Amino acid sequence: MAQRIIIADDHPLFRTALGHAVGKVWPEAAIVEASSAGEARAALGEGEPEALLLDLHMEDSNGLSVLMDMRQDFPALPIAIVSASEEARVFAAASQLGAAAFIPKSSGLDEMRSALAAVRDGDRWFPDCDGSEDDDLAKIASLTPAQRRILGAIRQGLLNKQIAYELDISEATVKAHITAIFRKLGVNNRTQAVLLAAKLDVDQPVADSASV
């Protein structure tokens, strides 16, 4: 199968610009563009590519949860985060959660090509950050996909009955999951769980479509 690179970003102009950098690093690869995490998943269903270039802010995703979900379902896939966020905290969190690279959208083409070349060669590439690991992120990453969905519903303020309806499961199953979530996160109530889960949030800069 021919090489494929998936670019998942909801800004068409940025996908085009990023495609130029990809073409320098993988000149023979076919570039598959996706404007949402769902479209990226559909493309992945056709066979895992050489790499996935993933924005953290799209219509169906917001923050580091999308990275965790992709790593859960495609553990061998190199994922390079390409984001307008330039917080050292976010760089470190993405690294801890299994990203192969973090490329700020403010990067020039040469820097983007260097980062992508590192991913191509099986290396990792991140801007300067302290490199320290966050125990809370490790706890969140230990949750199963079902538990993460329920944690997301808790963050939305849904009651057990509403969560059961949304996920088409029983309230007893919801309660069992919540008990397991609290145990894994080391918290005692919903408020504490929500505060801890906020570490997955990534502020979206106003200028989220920086030119390259």
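Residues numbered from 1 in each chain as written. Predicted model: local features only at pLDDT ≥ 70, side-chain atom pairs only at ≥ 80, totals over all residues. Heavy atoms only, no water.

### Structural notes on the layout of surface pockets
In plain terms, the rule: Buriedness for pockets is judged along seven lines, at least five of which must meet protein on both sides within 12 Å for an open set on the 1 Å grid over protein atoms alone, while cavities are sets there where a 1.4 Å probe fits but cannot get out, and lining residues have an atom within 4 Å of a point. Grid points are joined across faces, edges and corners, and a volume is the space filled by probe spheres set on the points. Helical segments are the DSSP runs of H or I of at least four residues, strand segments are the runs of E of at least two, and each set is numbered from the N terminus. Note that Gly is not counted as nonpolar here; it falls among the polar residues with everything else outside the nonpolar set of Ala, Val, Leu, Ile, Met, Phe, Trp, Tyr, Cys and Pro and the charged set of Asp, Glu, Lys and Arg.
The calculated volume of the largest pocket comes to roughly 760 Å³. As for the largest pocket, its lining consists of 31 residues, and the residues nearest its centre are Ser-65, Asp-69, Arg-148, Arg-149 and Gly-152. Of all the secondary-structure elements, those providing two or more residues to the lining of the largest pocket are helix H2 (37–44), strand E5 (61–62), helix H3 (65–73), helix H7 (145–155) and helix H8 (160–167). The residue inventory of the lining of the largest pocket, partitioned by class, reads 14 nonpolar, eight polar and nine charged.

### Considering the side chain of Lys-105
Which entries qualify depends on this criterion: Categorising residues by exposure relies on relative accessible area from a 1.4 Å probe, with only protein chains included: less than 20% of the type maximum marks a residue as buried, more than 50% marks it as exposed, and the intermediate range marks it as partly exposed. In the analysis that follows, any N or O atom pair within 3.5 Å is treated as a polar contact, provided that within protein one partner can donate a hydrogen and the other can accept it, and provided that, for residues neighboring in sequence, both atoms belong to side chains.
Residue position: Lys-105 is located in the loop between strand E7 (101–104) and helix H5 (109–120). Here Lys-105 falls in the buried class, since its relative accessible area comes to 1%. Looking at Lys-105, its side chain comes within polar contact range of the side chain of Asp-9, at 2.8 Å. Side chain to side chain, Lys-105 and Asp-55 meet in a polar contact 3.4 Å long.

### Re the pairing of strand E2 (residues 30–34)
For the record, the criterion: Here, strands pair whenever DSSP counts at least two bridges between them. Every crossover in which the path from the first strand over the helix to the second runs clockwise, viewed with the strands pointing away from the viewer, is termed right-handed.
Judged from the five bridges that link them, strand E1 (residues 4–8) and E2 form a sheet pairing that is parallel. Within E2, the residue paired with Arg-4 across the bridge is Ala-30. Viewed along the sheet, the connection from E1 through helix H1 (residues 12–25) into E2 turns out right-handed.

### Things to note about H1
Test applied: An expected span of 1.5 Å times one less than the residue number is assigned to each helix. Contact between two residues is taken to exist if any of their heavy atoms lie within 4.5 Å; hydrogens are not considered.
Taking 1.5 Å per residue as the helical rise, H1 with its 14 residues ought to reach 20 Å, and the 20 Å between its terminal C-alpha atoms agrees with that figure. Three or more residues of H1 are buried, namely Phe-14, Arg-15, Ala-17, Leu-18, Gly-19, Ala-21, Val-22 and Val-25. On the buried face of H1, the contacting elements are E1, E2, strand E3 (51–54), strand E6 (79–83) and H5.

### Thoughts on the environment of Asn-62
Within the fold, Asn-62 resides in strand E5. When the C-alpha positions of Asn-62 and Val-202 are compared, they lie 7.3 Å apart, and in sequence the two are 140 residues distant. Here the side chain of Asn-62 touches His-57 through a polar contact of 2.4 Å, side chain to side chain.

### Considerations on the packing of aromatic side chains
Put simply, the rule reads: Aromatic rings from Phe, Tyr and Trp, taking only the six-membered ring of Trp, are treated as a pair when their centres fall within 6.5 Å; an angle between ring planes under 30 degrees marks them as stacked, one over 60 as edge-to-face, and anything in between as tilted. In this analysis the charged atom, NZ for Lys or CZ for Arg, is taken to sit over a ring once it is within 6 Å of the ring centre and within 35 degrees of the ring normal.
Under the definition given, this model contains one aromatic pair. Here the guanidinium or amino end of Lys-105 rests over the ring plane of Phe-14, the centre of that ring lying 4.7 Å away.

### Notes on unusual backbone geometry
Residues other than glycine seldom take positive phi values, yet Asp-168 does so here, at roughly 55°. Position of Asp-168 among the secondary structure elements: in the loop between H8 and helix H9 (171–185). Relative accessible area serves as the criterion here: at 70%, Asp-168 is assigned to the exposed category.

Don't take any of this as a statement about function, it's just geometry.
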